[in-house]
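Coordinate analysis (summary)
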Amino acid sequence: MQYYSDKSNDNAAKVFFVFFQMLMLLIVYGFVYSSFVAVKMAVAKYDLTFMTYLPEIIALAGYPVVVFKTLKMFKQGKRVRAIAWMMAWASVIIVALYAHLLQRIPA
């Protein structure tokens, strides 16, 4: 007879959360890469400085910090909050990059 164990469910939840984090990291980095390419074209066309890349560099370095903090939050038992924070920061970064591109590339 097999007994129910919360430990195996916790381990499985951690594995699913880590896969979800990797997926979100790939999505955010896809947008960061696209922003780098667009800013590179804008720098070449409009003679902008290298400081135009600053929001992309901040997003590139900042999102792994969010991933680490949400993993700590998840391990503390705040699972829904960790997922919400990770999704929220991903959307904030994507919208901020889009707004940055709208400022740099005239329509």
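Our subject in this report is the structure included herewith. (Residues numbered from 1 in each chain as written. Predicted model: local features only at pLDDT ≥ 70, side-chain atom pairs only at ≥ 80, totals over all residues. Heavy atoms only, no water.)

**Let's talk about the packing of helix H1 (residues 6-46) against helix H3 (residues 79-104)**
Relative to each other, H1 and H3 sit at 5°, their axes nearing to 10 Å. By the angle between their axes, H1 is roughly parallel relative to H3. Class assignment for the residues of the contact of H1 with H3 results in 21 nonpolar, three polar and three charged. (Axes fitted to C-alpha atoms, helices over the stretch in contact; angles between N-to-C directions. Helix = DSSP H or I, 4+ residues; strand = E, 2+ residues; numbered from the N terminus. Parallel < 35°, antiparallel > 145°, perpendicular 65-115°, else oblique. Nonpolar A, V, L, I, M, F, W, Y, C, P; charged D, E, K, R; others polar.)

**Considering H1**
Compared with an ideal rise of 1.5 Å per residue, which puts 41 residues at 60 Å, H1 spans 58 Å between its outermost C-alpha atoms and is within 8% of the ideal. Along H1, the positions that sit buried rather than exposed are Ala 13, Phe 17, Gln 21, Met 24, Val 28, Val 32, Ser 35, Ala 38, Val 39, Ala 42 and Val 43. Residues of H1 that are buried make contact with helix H2 (54-75) and H3. Asp 47 sits one or two residues past H1 and shows a positive phi near 55°. (Expected span 1.5 Å × (residues − 1). Buried < 20%, exposed > 50% of the residue type's maximum accessible area, 1.4 Å probe, protein only. Contact = heavy atoms within 4.5 Å.)

**Points about the environment of Val 92**
Its location among the elements puts Val 92 in helix H3. Once the C-alpha coordinates of Val 92 and Ile 58 are considered, the two residues, 34 residues apart in sequence, prove to be 13 Å apart.

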